[in-house]
Amino acid sequence: MIRIGKIVATHGINGALILTHVVGNSKWLKKEHILQVEMQKGSLIPYFISKFKENNNKEYLINIEDIDKIESAKKLVTKHVYVEESVLKGFERQSPLLWIGFKAIDAKIGEIGIIEDLMQTGNQWLAKLTYKNTEVLIPLIDQTIEALDIKAKIINLLIPDGLLEVYLGGKNC
C-alpha cells in the first residue's frame, strides 16, 4: 500500500469528500479503484468510489458507496488514504512522496538505508532515513539522483562528499 493523500473536508450535504493527493497528476484515479482509509493507526478500511471529479492536480471531489450524509462523511475527514501500488503504475516519477520505503544506495558508500519519510522545502525534496543509528536528510535533486528503480524500490544516489559526515559529527562513513 502507498499513502497517496488525505481526506481534508466534506463537500455539500450528501456526504461528498475532498481528497488531496500527492501523485502530481489527476489522471490516476479510476472508479474501480478501492481507497484504503486509515481509520486508526495501522488499520486500513476499504472504501469503494461511487463517483469522483477532478478539482485540480492535487484534489478530487469523491463520493463513496454507502456514505450519503454529511455526518458519516465527517468521520473520514483528516484520515490518510492509501491505494495498492499497482494503481499508481506509471506515476511514480511524478511525486517523490511515493518513494517512501525505497532503499537508498549511494554510488560510493553503498546502502544508506530505507527512506522513512519525505519533506518538501521550497522546490526541493529531502529524504529522511536512518544511517548508522543517526537520522539524516538527503536532498533529492537532479544532481543527487542517479537512477530510480520503481519495481525493485531502489533509488541510487550520488550523495555530496561530506554530507553524511556532518550528521555523524565528522566521523568517516
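Note that this is a predicted model, so its numbers are computed, not measured.

### Re the pairing of strand 9 (residues 117–121)
Both strand 9 and strand 10 (residues 124–131) contribute to a ladder of five bridges, which runs antiparallel. Paired with Q120 across the strands is W125, a residue of strand 10. Here strand 9 folds back onto strand 10 in antiparallel fashion, the turn holding two residues, of which G122 has a positive phi close to 65°.

### What to know about the nonpolar core
Formed by 44 residues in total, the largest nonpolar core has its most connected members in I4, W28 and L88. Element by element, the count of residues in this core is highest for strand 10, at four residues.

### What to know about the confidence of the model for the chain
Segments scoring low in pLDDT should not have their predicted coordinates read at a detailed level. With 92% of its residues at a pLDDT of at least 70, the chain reaches an overall mean of 87. Mean pLDDT in the chain bottoms out at strand 9, which sits at 83, and peaks at strand 7 (residues 103–106), which reaches 95.

### Digging into the sheet that holds strand 13 (residues 154–157)
Taken in spatial order, the four strands line up as 8-7-13-12 in an open sheet, and their pairing is mixed. Each having just a single partner strand, strand 8 (110–114) and strand 12 (145–149) make up the two edges of the open sheet. This sheet shows a mean twist of 20° between the axes of neighbouring strands, independent of strand direction. Examined bridge by bridge, strand 7 and strand 8 share four bridges and lie antiparallel to one another. What sits directly across from I105, in strand 8, is E111.

### Focus: unusual backbone geometry
Trans peptide bonds make up most of the peptide bonds, and negative phi angles are found at most residues other than glycine. Here the phi dihedral of K132 falls at roughly 50°; this positive angle occurs in a residue that is not glycine. Along the chain, K132 turns up in the loop between strand 10 and strand 11 (134–140). Overall, K132 belongs to the partly exposed group, its relative accessible area being 45%. The phi dihedral of N133 is positive, around 60°, even though this residue is not glycine. Counting through the fold element by element, N133 comes out in the loop between strand 10 and strand 11.

### Points about the packing of aromatic side chains
Evaluated as defined, the whole model comprises one aromatic pair. With a centroid separation of 5.6 Å and an interplanar angle of 80°, the aromatic rings of F52 and Y60 are classed as edge-to-face.

### Quick word on the side chain of T144
Mapped onto the fold, T144 is located in the loop between strand 11 and strand 12. Reaching out from T144, the side chain makes a polar contact with the backbone oxygen of P139 at a distance of 2.7 Å. Among all residues touching T144, those that are not within four sequence positions of it are P139, N156, L157, L158 and P160.

Reading the values: the criteria
Residues numbered from 1 in each chain as written. Predicted model: local features only at pLDDT ≥ 70, side-chain atom pairs only at ≥ 80, totals over all residues. Heavy atoms only, no water. Pairing = 2+ DSSP bridges. Helix = DSSP H or I, 4+ residues; strand = E, 2+ residues; numbered from the N terminus. Core = buried A, V, L, I, M, F, W, Y, C linked by side-chain atoms within 4.5 Å. Buried < 20%, exposed > 50% of the residue type's maximum accessible area, 1.4 Å probe, protein only. pLDDT = per-residue confidence, 0-100. Axes fitted to C-alpha atoms, helices over the stretch in contact; angles between N-to-C directions. Phe/Tyr/Trp six-rings, centres within 6.5 Å; stacked < 30°, edge-to-face > 60°. Polar contact = N/O pair within 3.5 Å; in protein donor to acceptor, adjacent residues only side chain to side chain. Contact = heavy atoms within 4.5 Å.

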